[in-house]
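Single-letter residue listing:
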Amino acid sequence: MEERSIGSRIFRVCNTIFMLLLIFVTAYPMYYVVIASFSDPGELSKQLGALWLPIPPFTLSAYEMVFSNPMIGRGFVNTLIVLTVGLAFNITLTIMGAYFLALKGPMLKNGITFLIIFTMYFSGGLIPSYLNIRDLGLLDSLWSLILPGAISTMNLIIMKTAFQGIPESLIESARLDGASHLRILLRIMLPLSLPTLAVLVLYYGVGHWNAWFNASIYLQTREKFPLQLVMRNILNATQVSDMVGNTGMDETAQIVELIKYALIVVTTFPILLLYPFLQRYFVKGVMVGAIKG
């Protein structure tokens, strides 16, 4: 018994050390980016190895250059529009689809389930998708970033599994009391599935926030670009030169690096703020959606 206890203690110590190293490896790159964004660009270019504190003189020049670009503000607005409207569509349609798939005995349920799961493995490809968006009149519109991905099949399955985990007796009791499908969904299913719902909000939200590829294909008007596409375009040579102004080649290269760090912080920080509010639901929600399928 004593020997087992010693082994357990050794395991805990090793496990703690491993987890601390894992946290460090995961968190340090972001910490480095934040610290570097406030450092002097000339001194930063000479820095070798790890960086623990901003290299003096402390500067906000990179952030001033980033926020002086009018496309950053416009990109934030466009991303917030896509995020808000997209989340409303995502969550509403996912809940409705999951509720249908969780019911017992609807007509054509197996066939519809097969067609939904089929889309996880096969798609028409990029060119058919573009032609579809064009023929629907969604080109150069923010709707092209919202409607095509309104439902994620994986998220739909997670939500369906969470609904199926609710005791059937609760639903049968509600039906005996005359509750409609809408009432059962809003008063019973959703309140008991809040952890899973919170996880899906995070999944969909991060997806919208980080998306840039579809925008680069479907949007032509620069004023409609989301933040991530604006950030990508800002880092090309012409736009960075416009932001930096007339400086020497070496100095321009140093400032470009600083602008990259500032852009990463500006575009990542808002979505990081969302996680603490959903963190307590995260593990529980994922596990609920993975118990049975």
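This structure is a prediction, so every number in the text was calculated from the model and none was measured.

Which parts of the structure should I look at to understand the overall build of the chain?
Secondary structure assignment for the chain yields 14 helices and zero strands. The order of α-helices and β-strands along the chain, N terminus first, is α-α-α-α-α-α-α-α-α-α-α-α-α-α. Evaluated residue by residue, the chain yields a buried proportion of 38% over its 293 residues. Summarising the internal contacts of the chain: among those between residues at least 6 apart in sequence, 72% fall at separations of at least 24. About 17700 Å² of surface is accessible on the chain, with carbon and sulfur atoms providing 68% of the total.

Explanation requested: a nonpolar patch on the surface in the structure shown.
Together, Phe114, Leu115, Ile117, Phe118, Met120, Tyr121, Phe122 and Met154 give the surface a local cluster of nonpolar side chains, amounting to about 840 Å² of exposed area. No other element matches the six residues that helix H5 (residues 109-121) contributes to the nonpolar patch. Note on placement: phenylalanine 114 falls in helix H5.

What am I meant to see in the side chain of threonine 267 here?
Its place among the elements puts threonine 267 in helix H14 (residues 249-288). Looking at threonine 267, the relative accessible area reads 4%, which means it is buried. Ignoring any residue separated from it by four or fewer positions in sequence, one finds threonine 267 in contact with Trp209, Leu227, Gln228 and Met231.

Looking at this structure, how should I read the packing of helix H7 (residues 153-164) against helix H10 (residues 194-210)?
Between two packed helices, both the angle of their axes relative to each other and the distance between the axes serve to describe the pair. Contact pair H7 / H10: the axes reach a minimum separation of 10 Å and the direction vectors enclose 175°. Judged on the interaxial angle alone, H10 and H7 are roughly antiparallel. Residue-level inspection shows Asn155, Ile158, Met159 and Ala162 of H7 in contact with H10, the latter providing Thr196, Leu197, Leu200, Tyr203 and Tyr204. For the contact of H7 with H10, the residue count by class is seven nonpolar, two polar and no charged.

Mind showing me how you'd approach the environment of tyrosine 99 here?
Tracing the sequence through the fold places tyrosine 99 in helix H4 (residues 70-102). Leave out the neighbours within four places in its chain, and tyrosine 99 touches Phe163, His181, Ile184, Leu185 and Met189.

What counts and how
Residues numbered from 1 in each chain as written. Predicted model: local features only at pLDDT ≥ 70, side-chain atom pairs only at ≥ 80, totals over all residues. Heavy atoms only, no water. Helix = DSSP H or I, 4+ residues; strand = E, 2+ residues; numbered from the N terminus. Buried < 20%, exposed > 50% of the residue type's maximum accessible area, 1.4 Å probe, protein only. Contact = heavy atoms within 4.5 Å. Areas by Shrake-Rupley, 256 points an atom, 1.4 Å probe, with all protein chains shown as cover. Patch = residues over 30% accessible without salt bridge, like charges linked within 9 Å, V, L, I, M, F, W, Y side chains within 5 Å. Salt bridge = Lys/Arg side-chain N within 4 Å of Asp/Glu carboxyl O. Axes fitted to C-alpha atoms, helices over the stretch in contact; angles between N-to-C directions. Parallel < 35°, antiparallel > 145°, perpendicular 65-115°, else oblique. Nonpolar A, V, L, I, M, F, W, Y, C, P; charged D, E, K, R; others polar.

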